[in-house]
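Understanding the architecture of this molecule
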Amino acid sequence: MTKSKLTLMEAYMVESLRCKGMSIEEIITLVEQEDADRLKEIEPRFDYSVLVKAARKDLAAFRSALSDGYEVKFVTFNGLKNLLRMRFGKEEESDYAVTETGINGLRLQPHELEQLNDMLSSNWLVINDGSGAIKVELNMPAEVTPSTGV
C-alpha cells in the first residue's frame, strides 16, 4: 500500500497542531468540518484554509495520511530539520550534527525511525549505521560522466 502524500506545508500544519496537543482524530474532525478558524486559534502561524481545501480534494486520502502515516511530496533541507523538530522533538546541534549533504548522529527509537523513513520524500536516504546513530543524506544521482564520443 502506498502512503498518502502531503505537501511540506501541509505536514507543517499537521505537525504544529500535534505539537499543540491535538490528536489526529481532532485534526481530522476540524478539517472535515472545514473549521479553519478553530485550527488557527490553536496554532495561529498558518492559514488552515489551505489544509481544508487540500483535504476536500480527497478526504479519504487525507484521513489515511493522518491515521496511517504520510510521505511528504518533497522535503527541503530546512524542511527536514523542521520536521525532525516538530515530529520528534529533535534539535540541531543537541540531537544531531548538520553536514554538507544532510545530518549525522541522529538517534531515534525504532518506531520513530520507521515514521521518518515513511514520511521523507525520495530525495533523502536514511542510513542506519548499526551503532544506533542515523544519517540522513541527500539522495543525489551518480554523476554523469561526459561521453568521449569514441
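It should be noted that the structure appears before, not after, this text.
Let me sum up the structure you'll find in this document. (Residues numbered from 1 in each chain as written. Predicted model: local features only at pLDDT ≥ 70, side-chain atom pairs only at ≥ 80, totals over all residues. Heavy atoms only, no water.)

Here's the deal with the overall build of the protein chain
Condition: Strands here are runs of E lasting at least two residues and helices are runs of H or I lasting at least four, both read from the DSSP assignment and numbered beginning at the N terminus. What makes two residues a contact is simply this: any of their non-hydrogen atoms within 4.5 Å. Surface exposure here means Shrake-Rupley accessible area, sampled with a 1.4 Å probe, where a residue is shielded only by the protein chains that are shown.
Helix and strand counts for the protein chain come out as seven helices and six strands. Helices (α) and strands (β) of the protein chain occur, in sequence order from the N terminus, as β-α-α-α-α-α-β-α-β-β-α-β-β. Principal-axis analysis of the C-alpha atoms places the extent of the protein chain at approximately 60 × 40 × 30 Å. Within the protein chain, contacts between residues separated by at least 24 positions form 59% of all contacts whose residues are at least 6 apart in sequence. Of the roughly 8,800 Å² of accessible surface on the protein chain, a fraction of 49% belongs to carbon and sulfur atoms.

Observations concerning the packing of helix 6 (residues 77-88) against helix 7 (residues 110-119)
This is how it is decided: Angles run from 0 to 180 degrees between N-to-C directions of axes, and those axes are lines fitted to C-alpha atoms, restricted for helices to the stretch in contact. Throughout, the term roughly parallel applies to angles under 35 degrees, roughly antiparallel to angles over 145, roughly perpendicular to angles from 65 to 115, and oblique to all others. Crossings are assigned a handedness: left-handed for a near helix turned anticlockwise from the far helix by less than a right angle, right-handed for a clockwise turn. Polarity classes work like this: nonpolar for Ala, Val, Leu, Ile, Met, Phe, Trp, Tyr, Cys and Pro, charged for Asp, Glu, Lys and Arg, and polar for all others, with Gly in that last group.
Two elements in contact, helix 6 and helix 7, have axes whose closest approach is 12 Å; the angle formed by their N-to-C orientations is 140°. When the axis of helix 6 is compared with that of helix 7, the two are oblique. With respect to the hand of their crossing, helix 6 and helix 7 are arranged in right-handed fashion. For the pair helix 6 and helix 7, the contacting residues are L83, L84, R87 and F88 in the first and E112, Q115, L116 and M119 in the second. A per-class count over the contact of helix 6 with helix 7 returns five nonpolar, one polar and two charged.

Section: the pairing of strand 4 (residues 102-106)
What counts, and what does not: Any two strands between which DSSP finds at least two bridges are classified as paired.
Strand direction decides the pairing type here: strand 3 (residues 97-98) and strand 4, joined by two bridges, are antiparallel. Bridging across to strand 4, A97 finds its partner in N104. Strand direction decides the pairing type here: strand 4 and strand 6 (residues 134-138), joined by three bridges, are antiparallel. The residue bridging L106 from the neighbouring strand is I134, located in strand 6.

Quick word on the side chain of E112
For the record, the criterion: Burial classes: relative accessible area under 20% of the type maximum marks a residue as buried, over 50% as exposed, and values in between as partly exposed (1.4 Å probe, protein chains only). The positive count covers Lys and Arg only, the negative count covers Asp and Glu only, and His and the chain ends enter neither. The term salt bridge refers to a pairing of a side-chain nitrogen on Lys or Arg with a carboxyl oxygen on Asp or Glu at a separation within 4 Å.
Structurally, E112 is set in helix 7. With no salt bridge to any partner, buried E112 finds its closest opposite charge in K90, at an N-O distance of 5.1 Å.

Some words on the sheet that holds strand 4
Taken together, the four strands give an open sheet; going across it, the order is 3-4-6-5, and neighbouring strands pair in antiparallel fashion. The open sheet has two edge strands with one neighbour each: strand 3 and strand 5 (124-128). Across the sheet, helix 7 lies against strand 4, strand 5 and strand 6, angled at about 160° from strand 5, the strand it touches most.

Notes on the environment of G21
Within the secondary structure layout, G21 lies in the loop between helix 1 (8-19) and helix 2 (24-32). Considered as a pair, G21 and I42 are 21 residues apart in the sequence and their alpha carbons are 9.3 Å apart.

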